[in-house]
Structures are given as structure tokens and as C-alpha cells.
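# Reading the structure
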Amino acid sequence: MMAAILILGQGSLPTAHRLQTALPGAVIYGLKGRVTGADRVYDGFGETLRELYQRDVPIIALCASGIIIRSLAPLLQNKRAEPPVLAVAEDGSAVVPLLGGLRGVNDLARRIGVALGQAPAITTTGEVRLSLTLEHPPSGYVLRNPADGKAFMSDVLAGETVRVIGQAPWLAASRLVNDPNGRLILRVTTEDHQPEVGELVFHPRSLVLAAREVSDDLPQQVQAALAAERLAVQSVACLLVPLAAAGQPAAHQAAALLGCPLRFGDADLPDARHHDPIAIAQAQDPTTLSLPGLRQGRLAVIGLGPGAADLMAPAVKDELHRAGHLIGYDPYLQMAGPFRPDQVVHGSDNRVEMDRARHALHLAAAGERVVVVSSGDPGVFAMATAVMEALHASDDPLWHGVDLVVLPGISAAQAAAARAGAPLGHDFCTLSLSDNLKPWSVILDRLTHAAQADLVLALYNPLSRARPWQLGEALELLRRYRAPETVVVLGRDVGRPAEAMTITTLRELHPQQVDMRTVVIIGSSLTRHFPRGAGGQWAYTPRWYPNQ
Ligand code: SAH
């Protein structure tokens, strides 16, 4: 997960840039109105800090540690669930790790210290005395019994002797004394070894498993192969399956069972042990292991919501952070940005949905992290369908092997309805008035049925320069079935700076009030409105029906 660097004033930006150079991928957040030139703008320090913390993002805040402590205080309960949090002095003269001792905050503090030429203020006793955090081994190693870590370290600090069994350069580099007769044991092994009392077991992630072919039994086969060799599942660095099997569910299930990445390719593993169809190879050093084959790519089809950042799901923000490639209609990409220099932005016209979907799948199948951006919800007249359709039509196993997710957003009708009150409070339907992809006769037919059924209607794509007359004809049809005083809600640019809400009636409604950036909500016979205290009107549709 990439770190967030929070700054409160323009004067901190140079220090933030030095940190960013040392921590590639870190994102600089600047306070709205106070900082220009940051990657992202935020409004409200405390809320932003808490949101990042809850999303498990490592936080480096260039401010007094007290501000951070007070902001996060309500959330500090579970020690294992906290991301690294550091305070850094605005001029870079002090680096103070605050939280996340079990998640590498001291390592991060040291990296920052090197970048700023400062000794970090490390206070963890084990680190100070032994240069060692047992509960946070370096990447490439996994502690099998983390719950025993704290007591073990307390015993060591109290003077207990320790015997190290197995190879671990990072243990050797610490100030821990290896006593061949030690009472406590630190064991480094790929073996499936159950820790005993007074023992910590570290598993190097140094095993590569390759399946020669994939059948439905693959999850059992990988387990059986590991059991036959008495190897720990925690030591598996990856599972390699043939390219042709990339789209087979059993391959994905086996990788999930092992808790390791899935890779695609036909590898000939040297010095492997064979338990057909599984071959197991072991690397000497897990920290320099280069994984064979092609990495599994990810494709996230996300919805930005109507526009405002606070109406965007945190999961969507995470995907935007992690994306290597971003694909979408130019104005939506602008709404989703700004992006870092290492993120490739592929803007396009709004009309080439299928091309965009295929492009996204192609990049993800090559191992990239790709995000396809829609406004509102990606499943409402937007890109998710195009991606599904393109994938459905493909028989490329690598396309089917992509880690594909669709993340929802708040759709325009929901956002507009919430601003207006609750006009969608009872049964409603959404219709697109665009006849680009469906015949106008179908639209009229659906409108007729919806109007007759007394459904509230949310009309998307109501009008454009290329489709100037359609809305007028649709309203003419609706007026045949709905009373002139039917409540109508117009939401234009909802959630964006130019937002305008209008509550009117079917009689008053004129197509000139509507454009491409408007969603039109036509009420049912029961939709009503009343004055709101703050001025204007509330509109709502009750959930009861008169004949009930
Ligand atoms: N996926 C989008 C809809 C895309 S279709 C969603 O779920 O919202 C495009 C149409 O959506 C526009 O013509 C307009 O009718 C509506 N729309 C999208 N964003 C809007 C906004 N912020 N305010 C009002 N209408 C919007």
C-alpha cells in the first residue's frame, strides 16, 4: 500500500517532495486553499487522517505529533490493525514514528531518516537494544506465530538466551546473540513446523510451485504435494500454471488456498521436486527471488459517483491509487485525477466503449493494474457492461485469468434524489433516452408501460445536440398518462461545482431546461413536495399506496 504524505501549508511541500522521491508511489495530500501543487487536495485534516487510517494507508503527516494523536485517538484500539503513522517536522528536522510498530513503522522511519539526513526517533526497546523487530520480519519472511512475538521479545529483553536455527541474514545482522545452548528458539524454515513454547517460527517465502496442468483437483493436489514434502504453506511465494489454464477456476482457488500470487507461464523449474502434476522448487534467498511467468493483472471497473470526492467509495479511491493504467472518457478521468507521473492515463471519446473495454482487458491480461472509470455507477449505462460483453466474447484464457472487479458508485438518479428529498422512495425505473444503441420505438414502448404502471421514472441521457427532439416527444407521451401537476425533479451537474436542482411539474417542464448533464425524475401520482426550512422544496414519494 502506498503512503500518504499530508501537509497543511505550502512551506511543507519541498520536504514532502523529498519524501516522495525516497518513497516512490507515495501521494502528497495538500490542504485545500493552503497548498498548491500537491497530488491531491483534502478538506479537513482530522477526517482525512481518519479515513486514510481506516483504509490502512501508511500516513506521514508533516505537523506536530499531538495533532495526529488527537485526531486518531478515537480509532486506536486494535494494535494489529494499525497502519504505520509518522510525524515529520515541516522542515524535515525530526522523524517520529507514532503507530504501526507491528507493520514496519520503524523501517519506514529509517528510510525517511536517510532521505532527510536525520536519525529517526525510534523508541521501541527491541529495536533500540537489538536492532530487531521480531514481529515485523523483512519482506520475504513470514512470522508463523505473531501472537507469541511480544512475550518472546520481553523474555529476550529480560535476559533470556536465544538459539537461532536456520538461515536468516537479518537476524544475523541484528545485535541478538546466538547462543547454541539458548533456551528460547528462533527457527527459520520452510518446513511445516508447529511452534513450541518459547519458539518463534519464521517461514521464508522461497517456494515456487508449478502445476504442469490444471484440473478441478488442483487445490487438493497442491496441498498434497506440500504435505508430502512437509513444507509450510506460508513459504509458498507463488503458484505457476500454464498460460492456457489462466481462466480455470481451480487455478484461482488453489492460489487463494495457498495465499500466494498466481502466475501464468510454462516454466521448467530447475532442481524441482515432483509430485505430478506439481513441481516444487526452492530458492536460496527469498529476498532476491524473481517469480517466474507472467503476473496476474487486475482490472477494476469503478464508479466515481456523481463527482464530489466525498461521494466516492473508499474502495474506489484505493483502486485509483493503485492503478498503473487509467482508461475512460476524458472528463471523467479529469474528475478522478490528478494522477501521479507513473500512472498512464488513456483518455478517449465517449463513443468507443467496446474499444476501451478491450484495451483495458488487453493491458490487464499483460499483468498491468488497470482501472476503467465511469461516472456514477459503472453498471448504469456505463462501462461495466462493455467490459462484461468484451470478456464474454473472448476465448483468450489470459483475459479470463484477470482479477476483475466491478466497484459501485452513487448513480446520478440516487444523488439527485437525495438532494431533492426522497422522490425515488417507492417503486421506480431508470430509462436512458439515448437512441444511439436502441431503437426509438423501444424507448417509447418502455416509457408507455412505465407511465401506465405509475412508476417514478429516472431519465438518463435525456437530450444532446445530436438528439434534440427526443425529450420533447417523450414528454408528450408521458403527459398522456400523467397529470400536469406530476412532480418533476431536475438534477444538473449533481455533486459537481455547477450543481443545480429544480423541482417543477410536468406541465411546466420544458426541454430547454434540460441538457446532457441533467437527470430527469418524473414523479408518480403520489410524489409530492413541500417547502423546506432552508429554502426551496423537498420532494418525496411515500411508500404507501391509497388502496392499501
Ligand atoms: N453511469 C452514470 C450514468 C451515465 S449516462 C451514472 O450512474 O450516473 C450519462 C447520463 O447520466 C447523463 O446524460 C445524465 O443524464 C446523467 N448524469 C450523470 N452524471 C450526472 C450528474 N452529476 N448530474 C446529473 N446527471 C448526471
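In this report, the structure presented in the accompanying data block is examined. Bear in mind that the values here come from a model prediction, so they are computed numbers and not experimental data.

It is worth spelling out the overall build of the protein at this point. Across its full length, the protein holds 17 helices and 29 strands. In terms of its C-alpha atoms, the protein occupies a principal-axis envelope of roughly 95 × 60 × 50 Å. In the protein, buried positions account for 49% of the 548 residues. Taking contacts inside the protein between residues at least 6 apart in sequence as the whole, the part at least 24 apart equals 64%. On the protein, roughly 25,700 Å² of surface is accessible, and the fraction owed to carbon and sulfur atoms is 52%. In the protein, 48 side chains carry a positive charge and 53 a negative one; their mean positions are 6 Å apart.

Glancing now at helix α16 (residues 440-452). With 13 residues, α16 should cover 18 Å at 1.5 Å per step; its first-to-last C-alpha distance of 18 Å lies within 8% of that length. When α16 is considered as a whole, its buried residues turn out to be Trp-440, Ile-443, Leu-444, Leu-447, Thr-448, Ala-450 and Ala-451. One or two steps after α16, the chain reaches Asp-454, where phi turns positive at roughly 60°.

Moving on to the site of the ligand. Close to the ligand lie 20 residues; Val-380, Ser-411, Ala-412, Met-516 and Thr-518 are nearest. One of the backbone N or O atoms of Ala-412 is found 2.8 Å from an oxygen atom in the ligand. A distance of 3.2 Å is found between a nitrogen atom of the ligand and a side-chain nitrogen or oxygen belonging to Arg-496. In the complex, the protein chains occlude 95% of the 540 Å² of accessible area that the ligand would expose alone. For the shell around the ligand, the per-class residue count stands at 10 nonpolar, 6 polar and 4 charged.

Turning our attention to the environment of Glu-485. If you trace the backbone, Glu-485 turns up in the loop between α17 (470-481) and β25 (487-492). Along the sequence, Glu-485 and Val-370 sit 115 residues apart, while their C-alpha atoms lie 48 Å from each other. Sequence-distant contacts of Glu-485, that is, excluding residues within four places in its chain, are made with Thr-505 and Arg-507.

Looking now at the sheet that holds strand β22 (residues 421-422). The 3 strands are arranged β22-β29-β28 in an open sheet whose pairing can be described as mixed. Of all the strands in the sheet, the pair left with one neighbour each is β22 and β28 (528-531). Both β28 and strand β29 (residues 537-540) contribute to a ladder of 4 bridges, which runs antiparallel. By the bridge assignment, His-529 is partnered in β29 with Ala-539.

Hydrogen bonds between backbone atoms are what pair the strands of a sheet, whose relative direction is either parallel or antiparallel. Strand order across the open sheet formed by 4 strands is β7-β10-β9-β8, with mixed pairing between neighbours. Here the strands that pair on one side only, and so sit at the sheet edges, are β7 (141-143) and β8 (162-165). If you compare each strand with its neighbour and ignore which way they point, the axes differ by 20° on average. Examined bridge by bridge, strand β9 (residues 184-188) and strand β10 (residues 199-204) share 4 bridges and lie parallel to one another. Considered in β10, the bridge of Val-188 is made with Phe-202. Packing against the sheet, helix α6 (residues 149-157) makes contact with β8, β9 and β10, and its axis sits at approximately 125° to β9.

Looking now at the packing of helix α1 (residues 13-22) against helix α4 (residues 105-116). Running from amino to carboxyl end, α1 crosses α4 at an angle of 120°, the nearest separation of the two axes being 9 Å. In this view, α1 runs oblique relative to α4, as classed from their interaxial angle. Every pair of crossing elements has a handedness; the one defined by α1 and α4 is right-handed. Residues Thr-15, Arg-18, Leu-19 and Ala-22 of α1 lie in contact with α4, whose contacting residues are Arg-111, Ile-112, Ala-115 and Leu-116. Looking at the contact of α1 with α4, its residues break down into 5 nonpolar, 1 polar and 2 charged.

It is worth spelling out the side chain of Thr-448 at this point. Structurally, Thr-448 is set in helix α16. A relative accessible area of 16% places Thr-448 in the buried class. Among the polar contacts listed, one links the side chain of Thr-448 to the backbone oxygen of Leu-444, at a separation of 2.6 Å. Aside from chain neighbours lying at most four places away, what touches Thr-448 is Leu-477 and Tyr-481.

Applying the stated criterion to the full structure yields 23 salt bridges. Of the charged contacts in the structure, one is a salt bridge between Lys-32 and Asp-43, with a shortest N-O distance of 4.0 Å. Placement of Lys-32 in the loop between β2 (27-31) and β3 (40-42) and of Asp-43 in the loop between β3 and α2 (45-54) is noted, with a sequence separation of 11 residues between them. As far as burial versus exposure is concerned, Lys-32 and Asp-43 are alike and both exposed. A salt bridge links Glu-191 to Arg-230, with the shortest nitrogen-to-oxygen separation between them at 3.4 Å. Taken as a pair, Glu-191 in the loop between β9 and β10 and Arg-230 in the loop between α8 (218-229) and β12 (236-241) lie far apart in primary sequence, 39 residues in all.

Criteria and cut-off values
Residues numbered from 1 in each chain as written. Predicted model: local features only at pLDDT ≥ 70, side-chain atom pairs only at ≥ 80, totals over all residues. Heavy atoms only, no water. Helix = DSSP H or I, 4+ residues; strand = E, 2+ residues; numbered from the N terminus. Buried < 20%, exposed > 50% of the residue type's maximum accessible area, 1.4 Å probe, protein only. Contact = heavy atoms within 4.5 Å. Areas by Shrake-Rupley, 256 points an atom, 1.4 Å probe, with all protein chains shown as cover. Lys, Arg positive; Asp, Glu negative; His and termini not counted. Charge placed at Lys NZ, Arg CZ, Asp CG, Glu CD. Expected span 1.5 Å × (residues − 1). Near = heavy atom within 4 Å. Polar contact = N/O pair within 3.5 Å; in protein donor to acceptor, adjacent residues only side chain to side chain. Nonpolar A, V, L, I, M, F, W, Y, C, P; charged D, E, K, R; others polar. Pairing = 2+ DSSP bridges. Axes fitted to C-alpha atoms, helices over the stretch in contact; angles between N-to-C directions. Parallel < 35°, antiparallel > 145°, perpendicular 65-115°, else oblique. Left-handed = near helix turned anticlockwise from the far one by under 90°. Salt bridge = Lys/Arg side-chain N within 4 Å of Asp/Glu carboxyl O.

The analysis is restricted to geometry; functional conclusions fall outside its scope.
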